[in-house]
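Observations on the three-dimensional arrangement
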Amino acid sequence: MAASSTLAPPGFSAELHAGNRERLVAALRAQLSASARPLRGLALLQGGEEQNRYCTDHAELFRQESYFAYLFGVREPGFYGAIDIASGQSILFAPRLPADYAVWMGEIKSLSHFKDRYKVDVVYYVDEIAQVLQDQFSEHGKPLLYLLYGKSSDSGNYSKPASFEGIEKFDTDLSTLHPIVTECRVIKSDMEIALIQYATDVSSEAHIEVMRQIKPGMKEFQLESIFLHHAYMYGACRHCSYTCICATGENSSVLHYGHAAAPNERTLNDGDMALMDMGAEYSLYGSDITCSYPINGKFNSNQTIVYNAVLKAHDAVISHMKPGVKWVDMHKLAEKTILESLEKENIIHGDIGDMMVKRLGAVFMPHGLGHLLGIDTHDPGGYPEGLERPKEPGLSSLRTARELKEGMVITVEPGCYFIDALLRPARDDPISSKFFNWKEIEKYKNFGGVRIESDLYVTGQGCKNMTNVPRETWEIEAVMAGAPWPSRASRPTVITTENGLPKA
């Protein structure tokens, strides 16, 4: 069956980013009013800079800094952006390009072009920042600049506050802006949801194309290539949300396989599982989907046991999701569901409650259940000020411990892996060891792992699964054998819950 697509890439919408600016201004005004501070000053952000590969003149493909992208949607490097809190006025500052740019890189766009494209109120050059801000915003003395500076709870890195020649002539605030704009990014607008849905639709199609073409004897990088080709050829997705994870056999127990030291290069063996974790990005918004299935298209008994354990956890979490639900509780539900399935198959034995107390779920699922998704794969806002990260094994890996809110987009990605680096300490622990049937576990020594990941949008009454790929074992086997996959319209995707249970 030849690859094809019915998807049509949506056009760029400057209104989306204008709406994001409006939400930020409203949130800043509310925060300043609550703390009895005057409603004045400007939020000033510096966009990303084009980077060369080390000392060479090879320019890496540019991708905009995410906070700047959220507020302005600018795709070019070297810009600054400012938003006046009192009036809501938006200002872009474009780099002044040399004349020979037109020879090597193409037309030098006018300031009016950027004003029209990005729907801002006015555009100046970067070398005019100090003069413009002093001339227009000195009515109450030194202009106050709210700069973006804060720590990512995922990377531990800090965002870069804007800097320009003459900034010492301004008052600056480094603490107010970051938590407010981060919280704005947590709740998605309808236009943001539409872009995430498109990226997820493209990724769903690309995953199915990999599923159809996979066969023993191929290389893992060929699976990556199929995904990237489909996402770009049919979805206009030039960027991926993250490095593709194309893990087969025992590699599927390496949680972030696919990096430079493990570059998707293994030969696919008949009888092994494949774990494909890949997501396309479109117009700055991403997706994140994982599919697991047998390379030869037929689940054997051990693969069925582990896969169905994870699928049951995946579906249980989705059926309980709605505003107000605690994400830590959802992680524990996934762990408990997987442990119950493994106990039923005599892979582990004993009281499930005791296992949960001992945190044995983390031996099989050491990562968190999921993460916020948006412009970044691991979108910020998982741990707002005052929310502590859990300390226990497994729970400490959660990228958020928040309660769900309507408008969040979050991944659900339970997994079950047989990782020697985790099983060895469990075997050596006299208390933990008694829960494991080591003779059975030996059968899974080279199994690797299974992860099932979908992108969920939290609605007012439940959630919507934005992902559209085969999940049941029989669906996967049918699609891998050449059967058509139903369209999104033919499958229910919205789940409404009542008292933690799906409603009919």
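What you are looking at is a predicted structure, and each value in this text was computed from that prediction instead of being measured. (Residues numbered from 1 in each chain as written. Predicted model: local features only at pLDDT ≥ 70, side-chain atom pairs only at ≥ 80, totals over all residues. Heavy atoms only, no water.)

Observations regarding the overall build of the chain
For clarity, the cut-off: In this description a helix means any DSSP run of H or I spanning at least four residues, a strand means any run of E spanning at least two, and both kinds are numbered starting from the N terminus. Only C-alpha atoms enter the radius of gyration, while the globule expectation follows 2.2 Å times N to the 0.38, with N the number of residues. Throughout this description, buried means an accessible area under 20% of the type-specific maximum (1.4 Å probe, protein chains only), exposed means over 50%, and partly exposed covers the range between. Residues are treated as being in contact if the distance between any of their heavy atoms lies within 4.5 Å. Here the Shrake-Rupley method, with its probe set to 1.4 Å, supplies the accessible areas, and only the displayed protein chains count as covering residues.
Each helix and strand counted, the chain has 15 helices and 18 strands in total. The C-alpha radius of gyration of the chain comes to 25 Å, within 12% of the 23 Å expected for a compact globule of 504 residues. The buried share of the chain, taken over its 504 residues, is 53%. Put simply, 73% of the contacts in the chain that link residues at least 6 apart link residues at least 24 apart. Summed over its atoms, the accessible surface of the chain is roughly 22,300 Å², and 52% of this surface lies on carbon and sulfur atoms.

Looking at the state of the cysteines
The following threshold applies: Working definition: a disulfide is two cysteine sulfur atoms within 2.5 Å of each other.
Taken as a whole and judged by the stated rule, the model has zero disulfides. C240 takes part in no disulfide bond, and the closest cysteine sulfur, belonging to C244, lies 4.1 Å away. Of all cysteine sulfurs, the one in C291 lies closest to C463, which takes part in no disulfide; the gap is 18 Å.

Focus: a nonpolar patch on the surface
Operational definition: The residues that make up patches have over 30% relative accessible area and no salt bridge, and they are joined within 9 Å when like-charged or within 5 Å when they are Val, Leu, Ile, Met, Phe, Trp or Tyr. Salt bridges are defined as contacts in which a side-chain nitrogen from Lys or Arg sits within 4 Å of a carboxyl oxygen from Asp or Glu.
Among the surface-exposed residues, V103, W104 and M105 lie close enough to one another that they form a single nonpolar patch of about 440 Å² accessible area. Looking at the element boundaries, V103 is found in helix α3 (residues 101-104). By relative accessible area, which is 66% here, V103 ends up exposed.

With respect to the pairing of strand β11 (residues 289-294)
Heads up, the condition is: Any two strands are treated as partners once DSSP identifies two or more bridges connecting them.
Counting buried residues along β11, six of its six residues qualify, which places the element largely inside the surrounding structure. Every second residue of β11 is oriented toward a common face, with I289, C291 and Y293 on one face and T290, S292 and P294 on the other, all of them buried. Alignment of strand β9 (residues 273-278) against β11, held across six bridges, turns out to be antiparallel. Its bridge partner being in β11, A274 is matched across the sheet by Y293.

A few points about unusual backbone geometry
Positive phi is not limited to glycine here, since N264 has a value of about 50 degrees. Positioned with a positive phi, S283 is a non-glycine residue whose angle comes to about 50 degrees. Relative to the helices and strands, S283 is located in the loop between β10 (280-281) and β11. Taking relative accessible area as the criterion, S283 reaches 26% and is therefore assigned partly exposed.

Considerations on the sheet that holds strand β1 (residues 42-46)
Sheets are built from strands that pair by backbone hydrogen bonding, the pairs being arranged parallel or antiparallel. Stated formally: Structural elements are reduced to axes, namely lines fitted to C-alpha atoms, with helices fitted over the stretch in contact, and the angle between N-to-C directions of any two is expressed from 0 to 180 degrees.
Across the sheet, six strands lie side by side as β4-β3-β2-β1-β5-β6; this open sheet has mixed pairing. Bordering the open sheet on either side are β4 (122-125) and β6 (171-173), each of which pairs with just one other strand. Across the sheet, the axes of successive neighbouring strands diverge by a mean angle of 25 degrees, strand direction being ignored. Relative to strand β3 (residues 90-94), strand β2 (residues 80-84) is paired through four bridges, and the arrangement is antiparallel.

Here we look at the packing of helix α7 (residues 190-213) against helix α8 (residues 220-233)
To keep it simple, the criterion reads: Relative orientations are named as follows: roughly parallel for angles under 35 degrees, roughly antiparallel for angles over 145 degrees, roughly perpendicular for angles from 65 to 115 degrees, and oblique for any other angle. When the near helix sits turned anticlockwise from the far one by under a right angle, the crossing is termed left-handed; a clockwise turn instead gives a right-handed crossing. As a working rule, the residues Ala, Val, Leu, Ile, Met, Phe, Trp, Tyr, Cys and Pro are called nonpolar, Asp, Glu, Lys and Arg charged, and the rest polar, with Gly in that last group.
The contact between α7 and α8 brings their axes to 9 Å, and the two run at 140 degrees. Taken together, the axis directions place α7 and α8 in an arrangement best described as oblique. Where α7 crosses over α8, the handedness of that crossing is right-handed. Counted together, V202, S203, E205, A206, H207, E209, V210 and Q213 of α7 and L223, I226, F227, H230 and A231 of α8 form the full contact between these two elements. Here the contact of α7 with α8 is composed, by residue class, of seven nonpolar, four polar and two charged.

Some details on the sheet that holds β9
Read across the open sheet, the three strands follow the order β8-β9-β11; overall the sheet is antiparallel. Across the chains shown, the open sheet's two edge strands, defined by having one partner strand only, are β8 (245-248) and β11. Neighbour to neighbour, the strand axes of the sheet diverge by 10 degrees on average, direction disregarded. Sitting on the sheet, α7 is in contact with β9 and β11, with an inclination near 15 degrees to β11.

Here's the deal with helix α9 (residues 301-320)
Put simply, the rule is: A helix is expected to span 1.5 Å multiplied by its residue count minus one. In the analysis that follows, any N or O atom pair within 3.5 Å is treated as a polar contact, provided that within protein one partner can donate a hydrogen and the other can accept it, and provided that, for residues neighboring in sequence, both atoms belong to side chains.
For α9, built from 20 residues, the straight-helix expectation of 28 Å at 1.5 Å per residue is met to within 8% by its first-to-last C-alpha distance of 29 Å. Listed as buried for α9 are Q303, V306, Y307, A309, V310, L311, A313, H314, A316, V317, I318 and S319. Here α9 starts with a cap whose side-chain oxygen sits 3.2 Å from the backbone nitrogen of N302, and that cap is N300.

Things to note about the environment of N308
Considering the arrangement of structural elements, one finds N308 in helix α9. Assessed through its relative accessible area of 31%, N308 is described here as partly exposed. The sequence separation of N308 and G249 amounts to 59 residues, and the corresponding C-alpha distance is 18 Å.

Observations regarding the packing of aromatic side chains
The geometry of an aromatic ring pair is captured by two quantities: the separation of the ring centres and the angle between the planes. As a reminder of what qualifies: Here the aromatic set is Phe, Tyr and Trp, taking the six-membered ring for Trp, and pairing holds for ring centres within 6.5 Å; pairs whose planes are under 30 degrees apart are stacked, those over 60 apart are edge-to-face, and all others are tilted.
Considering all chains together, one arrives at 15 aromatic pairs under this definition. A centroid spacing of 5.0 Å and a plane angle of 80 degrees characterise the contact between F79 and F114, whose relative ring orientation is edge-to-face. Here F79 is found in the loop between α2 (66-72) and β2, whereas its partner F114 is found in helix α4 (residues 111-118), with 35 residues between them in sequence. Take F79: its relative accessible area is 1%, and that puts it in the buried class. Given the relative accessible area of 8%, F114 is considered buried.

So, the packing of helix α1 (residues 14-34) against helix α6 (residues 177-186)
Each pair of packed helices can be summarised by the angle the axes make with each other and by the distance between the axes. Put simply, α1 and α6 touch, their axes get as near as 10 Å, and they point 130 degrees apart. In terms of orientation, α1 lies oblique with respect to α6. For the pair α1 and α6, the sense of crossing is right-handed. Contact with α1, carried on its side by R23, L24, A27, L28 and Q31, involves L177, I180, V181 and C184 of α6 and no other residues of that element.

Quick word on the side chain of R471
Heads up, the condition is: The charged-residue count follows a simple rule in which Lys and Arg add positive charge and Asp and Glu add negative charge, with His and chain termini not counted at all.
Structurally, R471 can be placed in the loop between β16 (462-465) and α15 (473-480). Although buried, R471 forms no salt bridge, and the nearest oppositely charged side chain, D315, lies 6.9 Å from it. One polar contact links the side chain of R471 to the main-chain carbonyl oxygen of T290, over a distance of 2.9 Å. Sequence-distant contacts of R471, defined by excluding residues within four places in its chain, comprise I289, T290, C291, Y307, L311, H314, I452, E453, S454 and I476.

Regarding the nonpolar core
Cut-off, in case you're wondering: We define a nonpolar core as any set of buried Ala, Val, Leu, Ile, Met, Phe, Trp, Tyr and Cys residues linked to one another through side-chain atoms lying within 4.5 Å.
If you look at the biggest cluster of nonpolar residues, it comprises 124 residues, and the most contacted ones within it are Y293, M321, W327 and F436. When residues in this core are grouped by element, the largest group, 10 residues, is from α7. Not counting the four nearest positions on each side in its chain, W327 is found in contact with V317, M321, L369, G370, L398, T400, R402, L404, I410, T411 and V412. Ranked by size, the runner-up nonpolar core spans 18 residues in total, among them L42, Y80, V132 and F170.

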